[in-house]
Amino acid sequence: MAYNILIVDDSLTVRQVIARSLTLAGLPIGSIHEAANGREGLDQLEREWIDLVFCDLSMPVMDGMTMVAHMQNDGMLQQTPVIIVTADGSIAKIDELRARGVSAYIRKPFTPEQLRNVVIDCMRCDHASTC
Amino acid sequence: MQAPADCQSTAAELLPAILEQHAFIFCDPIDREAAIMAAENQADSAVVAGVAFHDSVCRGRCTLGASLSLCRIIAGNVLGTEAEDPMAVAAATDAFKEVANIITAHLLTSLFGDEVKLHIAAPDVQEIDATAWRDSLEVPGISCFDAESSPVWLSFTCTENGPSGPPPGGDSSG
């Protein structure tokens, strides 16, 4: 199965790095969609079939915390795993996001290996439906 | 919550570590005169990127400046290409903005701990010409560094909120 990915980050550079890391990691990627803020991310989720979301926290227009809250309210978080990719090291924020249903958290700067391992864990959990 | 008095020294330790980890660039602290001399020799335009933060107790801002040529090197390294590659040239400002974002977030964790929930704004960025770049190195309170023979500066400010609390309309970003 190939996974359709959505990358939500206001930095084009970060979106490119995540996309490149996923491709180089040899993961089964179908299509990669991009959004520059939470609002655009929600629009993409309504239009496209997305299997996994990477989401930054600090973004203009709509931040990652608000986007996750919308996904939770719409029931999307139960179907679509979200991995938070942020430089923010606040445990309080991460705990809140996990309580909402976020699957994983990667702190910037990250290595391609870290990204790959988190994705594999998420996919394993998704298949097993026990995480 | 109060910012420790040595926040500039914490920043001075973090910036080289983040630049090395994120962009494979080694940098060292230098004095202001050396930074000004390097900027005058380069006569390059520059990028200034800043990130504001606040909570109910304090507010502040972390700002970084770097020459445009260094920003292109950062973009090239992060994207796995050469600094002269059109992709790196186009991404230079954005790549440096992300460096400011990462350094600010790590700095806040180092200074205040990871239990604190600060509102961190999305980074803002502007390009400045060679004259403004040279003048920016005269601003008091900055820490200067050398990276790839090009100067970088960092400024960190944090003040307690007045009795009215955080600034009105402060960002709500997480």
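Residues numbered from 1 in each chain as written. Chains lettered and ligands numbered in written order. Predicted model: local features only at pLDDT ≥ 70, side-chain atom pairs only at ≥ 80, totals over all residues. Heavy atoms only, no water.

Observations concerning the interface of chain A and chain B
Contact residues are listed per partner, giving 25 residues for chain A and 30 residues for chain B. Around 2200 Å² of area is buried between chain A and chain B when both sides are counted, 53% of it from carbon and sulfur atoms. When the area that chain A buries against chain B is broken down by residue, the three leading residues are Thr13(A), Ser58(A) and Pro109(A), summing to 25%. Between the two partners, chain A and chain B, sit two salt bridges. Note that Lys117(B) and Glu96(A) form a salt bridge whose closest N and O atoms lie 2.4 Å from each other. One can count eleven residue pairs in polar contact (both at pLDDT 80 or more) joining chain A with chain B. Contributions of two or more residues to the side of chain A that touches chain B are made by α1 (12-24) and α4 (91-100) of chain A. Among the elements that line the side of chain A that touches chain B, the one with the most residues is α1(A), at six residues. Its residues assigned to classes, the side of chain A that touches chain B comprises ten nonpolar, six polar and nine charged. (Contact = heavy atoms within 4.5 Å. Buried area = accessible area lost by both parts, 1.4 Å probe. Salt bridge = Lys/Arg side-chain N within 4 Å of Asp/Glu carboxyl O. Polar contact = N/O pair within 3.5 Å; in protein donor to acceptor, adjacent residues only side chain to side chain. Helix = DSSP H or I, 4+ residues; strand = E, 2+ residues; numbered from the N terminus. Nonpolar A, V, L, I, M, F, W, Y, C, P; charged D, E, K, R; others polar.)

Thoughts on the nonpolar core
Within soluble globular proteins, side chains that are nonpolar tend to cluster in buried spots. In terms of nonpolar packing, the biggest core is built from 67 residues, with Phe54(A), Ile83(A) and Ile74(B) touching the most fellow members. Broken down by element, this core gets its largest block of residues, 14 residues, from helix α4 (residues 86-112) of chain B. Excluding its chain neighbours within four sequence positions, the residues that come into contact with Ile83(A) are Leu52(A), Val53(A), Phe54(A), Cys55(A), Ala104(A), Ile106(A), Val118(A), Val119(A) and Cys122(A). Counting residues in each nonpolar core, the second largest holds 22 residues, with Leu57(A), Met62(A), Met67(A) and Met71(A) among its members. (Core = buried A, V, L, I, M, F, W, Y, C linked by side-chain atoms within 4.5 Å. Buried < 20%, exposed > 50% of the residue type's maximum accessible area, 1.4 Å probe, protein only.)

Here we look at the packing of aromatic side chains
Residues and elements named next belong to chain B. For the coordinates displayed, the defined rule picks out one aromatic pair over all chains. Taken together, a centroid distance of 5.6 Å and an interplanar angle of 15 degrees make the contact between Phe-53 and Phe-156 stacked. Placement of the pair is Phe-53 in strand β2 (residues 46-54) and Phe-156 in strand β7 (residues 150-160), with a sequence separation of 103 residues. In this pair, the class of Phe-53 matches that of Phe-156, namely buried. (Phe/Tyr/Trp six-rings, centres within 6.5 Å; stacked < 30°, edge-to-face > 60°.)

Focus: the environment of Phe24(B)
All names here are of chain B. Along the chain, Phe-24 turns up in the loop between α1 (7-23) and β1 (27-30). A relative accessible area of 55% means that Phe-24 is categorised as exposed. In sequence terms Phe-24 and Ala-147 are 123 residues apart; their C-alpha atoms lie 11 Å from each other. Sequence-distant contacts of Phe-24, defined by excluding residues within four places in its chain, comprise Leu-19 and Asn-77.

Some remarks on the packing of helix α2 (residues 38-47) of chain A against helix α3 (residues 64-73) of chain A
All names here are of chain A. Following both chains from N to C, one finds α2 and α3 inclined at 30 degrees, their axes separated by 8 Å at the closest point. What the angle tells us is that α2 and α3 run roughly parallel. Of the two elements, α2 crosses α3, and the hand of that crossing is right-handed. On α3, the residues that touch Gly-38, Gly-41, Leu-42 and Leu-45 of α2 are Met-67, His-70 and Met-71. Looking at the contact of α2 with α3 residue by residue, the class counts come to four nonpolar, three polar and no charged. (Axes fitted to C-alpha atoms, helices over the stretch in contact; angles between N-to-C directions. Parallel < 35°, antiparallel > 145°, perpendicular 65-115°, else oblique. Left-handed = near helix turned anticlockwise from the far one by under 90°.)

Limitation: the analysis is restricted to geometry and does not speak to function.
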